[in-house]
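Summary of structural features
Listed below, chain by chain, are the residues.
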Amino acid sequence: MITDEPAIWTQGLRKSYPGRGAALDGIDLAVPAGTVHGLLGPNGAGKTTTVRILATLASFDSGQAWVAGRNVARDRAGVRARIGIAGQYAAVDGVLSGRQNLEMFARLHRMRAREARARADELLERFDLVEAASRPVRGYSGGMRRRLDLAVSLIRSPRVLFLDEPTTGLDPRSRIEVWDAVRELADSGTTVLLTTQYLEEADRLCSRITMVDRGRVVAEGTPAELKSSVGGRDLDEAFLLITEGA
Amino acid sequence: MSTLTEPTVHGSRITWATVDTWVVAKRHLLHLVRRPDELLGTLMIPVMAVAMFGFVFGEAFGVAMDVPGSEYREFLLPGLFALTMAFGIGNTTISVAEDVRGGVLDRMRSLPMSPVAVLAGRALADVILAVVELSILLALGTLFGWQAHLGVGGVIAALGLLVLLRMAFSWVGILLGLLVSGPEAAMKYFALVFPLAMVADTIVPTDLMPGWLALPAAWNPLSSTVIATRELFGNTAVPATTWVGEHALTMAVLWPVAIIAICLPLAMARLRRLGR
Ligand SMILES: Nc1ncnc2c1ncn2[C@@H]1O[C@H](COP(=O)(O)OP(=O)(O)O)[C@@H](O)[C@H]1O
Ligand SMILES: [Mg+2]
């Protein structure tokens with residue numbers, strides 16, 4: 001749904017963990033609906049913290065956050081009903097089969113048993129998991145596991161999807177599979193916030209990128225803008241220049 | 001497929017909490033079905049306990065109590081039923097700690113499901129498992145000559161008390177699972193179940209314990225359930241001399257209810273705090 005209202009909007013988002021400095025030190029984000037937005041930064045930059053806050057999994061100290069038109073601090077249930085989340089650490093049940101995972105999470109998404117079964121079939125098909133459907137997830141390859149994680153996050157056709165380093169630790173082939181899936185989602189109009197440490201990945205998938213480092217936004221723009229701001233160098237160099245300059 | 005569908009939520013909050021609880025419980029039960037060796041391992045504890053305490057120590061304890069071994073086993077079985085309920089804490093704690101670590105709990109928290117069901121599902125699965133364990137123990141006990149003497153009503157009431165105790169211990173395990181740093185820690189703490197299970201009127205009558213142990217043993221929630229179930233089964237018992245012992249039936253209900261009333265809200269608060 002393309003409206004003027006951003007699908008994700010934050011202002012001055014701050015959070016610190018007890019006994020540590022600020023993990024987020026004023027993050028501003030505005031992600032137009034229906035786009036793929038990259039949150040790019042090195043390890044420890046605050047990407048996961050940002051995603052967890054926006055997905056209602058973590059609280060924040062100050063600032064404002066809105067997701068799919070809902071206030072994250074005040075309307076958790078409203079946010080939860082409209083988002084999907086898939087992570088670096090695929091949170092699926094390893095003992096259950098792929099199908100059992102999908103059916104269980106579909107039921108917890110308040111689908112009736114029959115509806116849940118149909119949805120599981122659909123997603124297994126779409127993510128090429130039909131053959132492995134009844135095997136325990138433990139035996140899946142990294143790529144299969146990630147695809148299942150993605151499938152689980154799409155059960156309720158979320159308006160906003162958070163992908164936290166969806167390709168970290170994957171072999172090149174699985175990485176391309178995940179990229180294809182993200183593109184397909186973008187084509188279907190889902191808003192995606194994708195975190196990554198890989199500049200190439202952000203360049204390929206995202207219409208805009210927010211670069212973060214040590215809990216702060218250090219640059220924002222389209223991949224082309226970010227490249228030209230540092231004189232046409234590639235994004236890797238751009239990132240180094242920008243974070244060092246900050 | 002449309003990405004614009006608004007989630008449709010029908011039905012009342014309580015109905016959904018019940019459905020969600022069942023879905024989560026089913027997950028834990030499917031684990032046992034998918035890993036039958038683990039189920040077998042779980043069931044082995046009570047079976048071994050009957051064999052070890054009944055026969056290895058049985059004669060000696062019988063001598064100490066001045067009764068024949070067979071009568072000691074009659075005294076012992078209700079103790080072992082309750083002891084099995086206590087040993088379940090280990091499983092519960094480890095399973096919850098694994099879900100915290102593995103991220104499944106996070107995923108559930110990001111869903112529009114009932115928050116209490118995330119944990120209550122584990123408790124329900126434990127209760128169902130407890131019924132299975134108790135059935136096996138009853139069969140085994142019968143095989144070894146143990147009997148309930150006061151009819152079906154007494155048996156059902158006794159089993160009800162045992163299941164209630166397990167539900168209370170399940171909430172203790174859930175709370176601990178949310179507090180420990182991980183499943184490894186949960187396994188290391190498992191030894192703590194021993195004093196809970198044995199400093200009680202389970203295996204050794206409390207009047208054979210040194211005085212300083214007899215008091216905590218008498219006030220151990222397990223003791224109330226054991227004494228109450230011995231009464232309901234019509235099994236050999238040592239006459240109670242303490243206030244708690246004399247009010248065992250009441251206490252066997254009050255203890256678990258109080259434990260749940262404390263642990264459930266603490267566990268829910270802890271679940272919310274996981275998101276700090
Ligand atoms: N649960 C936590 N407790 C304490 N500190 C944390 C916790 N999670 C993250 N941090 C700290 O917050 C900062 C940001 O972490 P994170 O959001 O995970 O970064 P990223 O995902 O970009 O690698 C890091 O310095 C990290 O050590
Ligand atoms: Mg991270």
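Chain B carries the name Transport permease protein in an unreviewed UniProt entry, which gives Nocardioides luteus as its organism. Per UniProt, chain B has the following entry under Sequence similarities (unreviewed entry): "Belongs to the ABC-2 integral membrane protein family."

An unreviewed UniProt entry lists chain A under the name Export ABC transporter ATP-binding protein, with Nocardioides luteus given as the organism.

Moving on to the pairing of strand E10 (residues 216-221) of chain A. Look at any regular strand and the pattern is simple: side chains alternate between the two faces of the sheet. Residue and element names in this part refer to chain A. By the bridge criterion, five bridges tie strand E9 (residues 208-213) to E10 in an arrangement that is antiparallel. Directly across from aspartate 213, in E10, lies its bridge partner arginine 216. Taken together, E9 and the strand that follows it, E10, pair antiparallel across an intervening segment of two residues, in which arginine 214 is found at a positive phi of about 45 degrees.

Turning our attention to the packing of helix H3 (residues 98-108) of chain A against helix H1 (residues 13-34) of chain B. The geometry of H3(A) relative to H1(B) is characterised by a closest axis approach of 9 Å and an angle of 165 degrees between their N-to-C directions. By the angle class used here, H3(A) and H1(B) are roughly antiparallel. As H3(A) packs across H1(B), the resulting crossing turns out to be left-handed. Here H3(A) contributes A:Gln100, A:Met104, A:Arg107 and A:Leu108 to the contact with H1(B), which in turn contributes B:Val19, B:Asp20, B:Val23, B:Val24, B:Arg27, B:Leu30 and B:Arg34. For the contact of H3(A) with H1(B), the residue count by class is six nonpolar, one polar and four charged.

Another aspect to go through is the packing of H3(A) against helix H5 (residues 142-153) of chain A. Residue and element names in this part refer to chain A. It is the contact of H3 with H5, at a shortest axis distance of 10 Å, that shows an interaxial angle of 20 degrees. It follows that H3 is roughly parallel to H5 by the angle criterion. As for the relative orientation of H3 and H5, their crossing is right-handed in sense. Contacts between H3 and H5 pair Gly98, Asn101, Leu102 and Phe105 from the former with Leu148, Ala151 and Val152 from the latter. Classifying every residue of the contact of H3 with H5 by side-chain character gives five nonpolar, two polar and no charged.

Turning our eyes to something else, we now look at the site of ligand 1. Residue and element names in this part refer to chain A. All residues in the neighbourhood of ligand 1 are listed as Tyr17, Arg20, Ala23, Pro42, Asn43, Gly44, Ala45, Gly46, Lys47, Thr48 and Thr49. A distance of 3.4 Å separates a nitrogen atom of ligand 1 from a polar atom in the side chain of tyrosine 17. The backbone of glycine 46 places a nitrogen or oxygen atom 3.0 Å from an oxygen atom of ligand 1. Contact with the protein chains hides 65% of the accessible area of ligand 1, taken as 560 Å² for the molecule alone. Sort the elements by how many residues they give to the shell around ligand 1 and helix H1 (residues 47-54) lands first, with three residues.

The next point concerns the sheet that holds strand E4 (residues 62-67) of chain A. Residue and element names in this part refer to chain A. On the basis of which strands lie adjacent, the open sheet formed by four strands has the order E2-E1-E4-E5 and antiparallel pairing. Strand pairing shows two members of the sheet lacking a second neighbour, strand E2 (22-31) and strand E5 (70-71), which therefore form its edges. Note that strand E1 (residues 8-16) and E4 share five bridges and pair antiparallel. Its bridge partner lying in E4, isoleucine 8 is registered against valine 67.

With that settled, the discussion passes to the sheet that holds E10(A). Residue and element names in this part refer to chain A. Read across the sheet, six strands follow the order E6-E7-E8-E3-E9-E10 without closing on themselves; strand pairing throughout is mixed. Across the chains shown, the open sheet's two edge strands, defined by having one partner strand only, are strand E6 (83-86) and E10. In this sheet, neighbouring strand axes are inclined to one another by 15 degrees on average, regardless of whether the strands run parallel or antiparallel. Its contacts with the sheet place H5 against E6 and strand E7 (160-164), and it is angled at close to 165 degrees to E6.

Looking at the element boundaries, A:Thr10 is found in strand E1. Only 2.9 Å separates the side chain of A:Thr10 from the backbone oxygen of A:Ile27, close enough to count as a polar contact.

Residues and elements named next belong to chain A. Turning to its location among the elements, threonine 196 is positioned in strand E8 (residues 191-196). Exposure remark for threonine 196: the relative accessible area of 1% places this residue in the buried category. Discounting chain neighbours no more than four positions away, the residues touching threonine 196 are Leu39, Leu40, Gly41, Lys47, Glu165, Glu201 and Ala202.

Each partner contributes residues to the interface: chain A has 45 residues there, and chain B has 35 residues. Of the roughly 3,600 Å² buried at the junction of chain A and chain B (both faces included), carbon and sulfur atoms supply 54%. Where chain A packs against chain B, one counts four salt bridges. A:Asp149 is the partner of B:Arg107 in a salt bridge, and the nearest nitrogen-oxygen pair spans 2.5 Å. Counting every contact that joins chain A to chain B gives 11 residue pairs in polar contact (both at pLDDT 80 or more). Contributions of two or more residues to the side of chain A that touches chain B are made by E6, H3, helix H4 (113-126) and H5 of chain A. For the side of chain A that touches chain B, the element with the highest residue contribution is H3(A), accounting for five residues.

Basis of the calculations
- Residues numbered from 1 in each chain as written.
- Chains lettered and ligands numbered in written order.
- Predicted model: local features only at pLDDT ≥ 70, side-chain atom pairs only at ≥ 80, totals over all residues.
- Heavy atoms only, no water.
- UniProt positions renumbered as here; feature names shortened; annotations may be inferred.
- Pairing = 2+ DSSP bridges.
- Helix = DSSP H or I, 4+ residues; strand = E, 2+ residues; numbered from the N terminus.
- Axes fitted to C-alpha atoms, helices over the stretch in contact; angles between N-to-C directions.
- Parallel < 35°, antiparallel > 145°, perpendicular 65-115°, else oblique.
- Left-handed = near helix turned anticlockwise from the far one by under 90°.
- Contact = heavy atoms within 4.5 Å.
- Nonpolar A, V, L, I, M, F, W, Y, C, P; charged D, E, K, R; others polar.
- Near = heavy atom within 4 Å.
- Polar contact = N/O pair within 3.5 Å; in protein donor to acceptor, adjacent residues only side chain to side chain.
- Areas by Shrake-Rupley, 256 points an atom, 1.4 Å probe, with all protein chains shown as cover.
- Buried < 20%, exposed > 50% of the residue type's maximum accessible area, 1.4 Å probe, protein only.
- Buried area = accessible area lost by both parts, 1.4 Å probe.
- Salt bridge = Lys/Arg side-chain N within 4 Å of Asp/Glu carboxyl O.

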